[in-house]
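If you want the building blocks of each chain, they are given just below.
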Amino acid sequence: MNLISAAPLDVLRTRTSEKWTEHPPDVLPMFVAEMDYPLAEPITRALHDAVDRGDTGYVSSSNPVFEAFRGFAARRWSWDLTEATLLSTADVSMGIVEILRAITGPGDRVVITEPVYPPFFDLVTEAGASVLAVPLTESTTNPVERRLDLAALETAFRDGARVFLLCNPHNPLGLVHPRDDLEAVATLAATYSVTVISDEIHAPLTQPTARFTPYLSVSDEARATGFAVHSASKAWNIAGLKCAVMVAQSEQPASVLVSLPLEVSWRTGQFGVLASVAAYAQGDTWLDGVLGSLAANFDLLDRLLAEHLAGVTWTRPDASYLAWLDFRALGWGDDPAGLILREARVALSAGSDFGAHGVGHVRMNLACSPELLTDAVRRIAQIPRRS
Ligand SMILES: Cc1ncc(COP(=O)(O)O)c(C=O)c1O
């Protein structure tokens, strides 16, 4: 396997995306979920060719991303989508909001499992529903093991929650939910008439040592009321291009998708489709190289923490490129990310944005070069100890 190397820092600093423009150049940006790798060659080629053709109009109504995604899902996850209803939109967030708008009324409760991707809080309220946070369980073992709290989910469902917005795999923990847990969720959802929306944006980034289970693949119960939302945007770093795919695999959810306003799918980006087709159809080799580079960075972070930041704990992710670091033992207060930005000039995501259980934590983006990661940890380790 050929590992994929991050682009040189001087090239990255010429990028104009959020990651490389939010902070001045003395800051190492490790916050927003963008990757520092160069684009996969099939994507670069597809985009260059489209520019050469002037192929910048609206997405075709026979959208080719569906066939490419079906192929990828079958190849990587043995997920058969031959009969599925697929609908595209601009991004995963929009897919979630539009499904929520269609299936909830004002104030209906939507369960999210914090600590979780911060915009989940906003997407629920944007759709007019209200958030019900059911934290993940937290074991006392080391490394800390977290998973869905099935008993607490049952209580929430029994008490009238309408929807469960599942993060599968889970951001920020990189937790790939075990199939048993997903089956149990589907049974609870069927028992209490709860709709599950499974955000599976991080799924292609599952390490070969773990096994991603598409929520809708677990049972008839899951398919009966569940939706999944996918995108190539995280795994191939094309979030700016705007293409996501909503999935339904039974009659009732399919009827929701086909009755969404036509504009929902017209908002899909043409470059997003072209790049996603290249990613799903020809992007496996690049993706495997990225997974190898990320695994090497996980090993490196383990070593760096042991050497320079003893007391900071984390659980090695099974998917994606985000590290959830617990700084509480260092006595750096509720917002270590703020302190680290001020004193070490490293930009991380503040744990408290992920929900009340994120206080004292930070999220670090590891889709970078080993050199940048090493520099970041060394800088953080220079901060004088408080405890
Ligand atoms: C779990 C999760 N869902 C959705 C998104 C946003 O995806 P999009 O840009 O397609 O809306 C992210 C971005 O990092 C994410 O981590």
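Everything here concerns the structure above.
Reading the values: the criteria
- Residues numbered from 1 in each chain as written.
- Predicted model: local features only at pLDDT ≥ 70, side-chain atom pairs only at ≥ 80, totals over all residues.
- Heavy atoms only, no water.
- Helix = DSSP H or I, 4+ residues; strand = E, 2+ residues; numbered from the N terminus.
- Salt bridge = Lys/Arg side-chain N within 4 Å of Asp/Glu carboxyl O.
- Pairing = 2+ DSSP bridges.

**Looking at unusual backbone geometry**
For the peptide bond that leads from E114 to P115, omega is 0°, which places it in the cis range. On the secondary structure map, P115 appears in the loop between β3 (109–112) and α6 (119–126). With omega at 20°, the peptide bond leading from N171 into P172 counts as cis. By secondary structure assignment, the location of P172 is in the loop between β7 (163–167) and α8 (179–191). Here the phi dihedral of S193 falls at roughly 55°; this positive angle occurs in a residue that is not glycine. With respect to the element layout, S193 can be found in the loop between α8 and β8 (195–199).

**Examining the pattern of salt bridges**
Pairs can form between side chains of opposite charge once their charged atoms are near each other. Counting across every chain of the model gives 20 salt bridges. With a closest N to O distance of 3.4 Å, D284 and R76 form a salt bridge. Taken as a pair, D284 in helix α13 (residues 284–308) and R76 in helix α4 (residues 65–77) lie far apart in primary sequence, 208 residues in all. Close ionic contact of E183 with R179 constitutes a salt bridge, the shortest N to O distance being 3.0 Å.

**Quick word on the sheet that holds strand β15 (residues 361–365)**
Strand order in the open sheet formed by four strands is β11-β12-β15-β14, and the pairing between neighbours is antiparallel. Only two strands of the sheet have a single neighbouring strand rather than two, namely β11 (313–314) and β14 (349–350).

Function cannot be inferred from these measures alone, as they are strictly geometric.
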